[in-house]
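# A look at the structure
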Amino acid sequence: MFHPLANLRGYDIVLASGSPRRRELLSMLDLDFRVDTSHSVDESVPPGISAEDTAPYLSKLKADAYPIDISEKKLVIAADTVVIIDGTVLGKPVDDDDACRMLGLLQGRSQKVITGVTVRTSDSTATFSAESIVEFATLSDEEICYYVEHYRPLDKAGAYGIQEWIGAAGIKSINGSFYNVMGLPVQRLYSLLKSI
């Protein structure tokens, strides 16, 4: 029976991310995979790494943390998403006040969302990044506080999830992949997986 990713049969496919959004997005490719977050890394970015290179750098760091024996048919997928405004990387907020601060920076403006993805097997490693431009409508402080209070976006880069209330009420346009903004550029990943 045909499967678009039949070339991956026999692989132990590991998603190295605890993100429920990445799990949902990878599931869209009809793959059997498991989630493993047991190999955490220090996500400090060394000086000299540009804002645009931060997400792919971190995705490779995460993928490299998983041991793969040369005889294993294991495939590790790791990803990292950042929001960039004025050349500054916004990661995950530390608390509600930080989330409100980040959204205050983003409202009424456009920003870059970059997801870096690394796919690693015993004999190859491939890293790529995808970029989307997201334009926010102007939001009041009350609207921002409403979103943070009701949706608790503390696990999201830039303090927002495009699939939530703020995406419907506050985002005017996206230039690039919607799924990239959610945290995994699925079409780009699918193209890479087909070539393994």
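Placed above this text is the structure.
The sections below set out a description of the structure shown in this document. Quantities reported herein were computed from a predicted structural model and do not represent experimental measurements.

The rules behind the values
- Residues numbered from 1 in each chain as written.
- Predicted model: local features only at pLDDT ≥ 70, side-chain atom pairs only at ≥ 80, totals over all residues.
- Heavy atoms only, no water.
- Salt bridge = Lys/Arg side-chain N within 4 Å of Asp/Glu carboxyl O.
- Helix = DSSP H or I, 4+ residues; strand = E, 2+ residues; numbered from the N terminus.
- Buried < 20%, exposed > 50% of the residue type's maximum accessible area, 1.4 Å probe, protein only.

### A closer look at the pattern of salt bridges
In total, this model carries 14 salt bridges according to the counting rule given. For D12, the salt bridge identified is with R34, shortest N-O distance 2.8 Å. With a gap of 22 residues between them, D12 in strand β1 (residues 12–15) and R34 in strand β2 (residues 34–35) connect regions that are remote in the sequence. Look at D12 and you get partly exposed, because its relative accessible area is 28%. Residue R34 is classed as partly exposed on the basis of its relative accessible area, which comes to 35%. Note that D86 and R109 form a salt bridge whose closest N and O atoms lie 2.5 Å from each other. Of this pair, D86 sits in the loop between β3 (74–85) and β4 (88–90) while R109 sits in the loop between α3 (96–106) and β5 (110–120), and the two are 23 residues apart along the sequence. Since its relative accessible area comes to 60%, D86 is described here as exposed. If you follow the salt bridges from partner to partner, you end up with R21, D155, K156 and E164 in one network.

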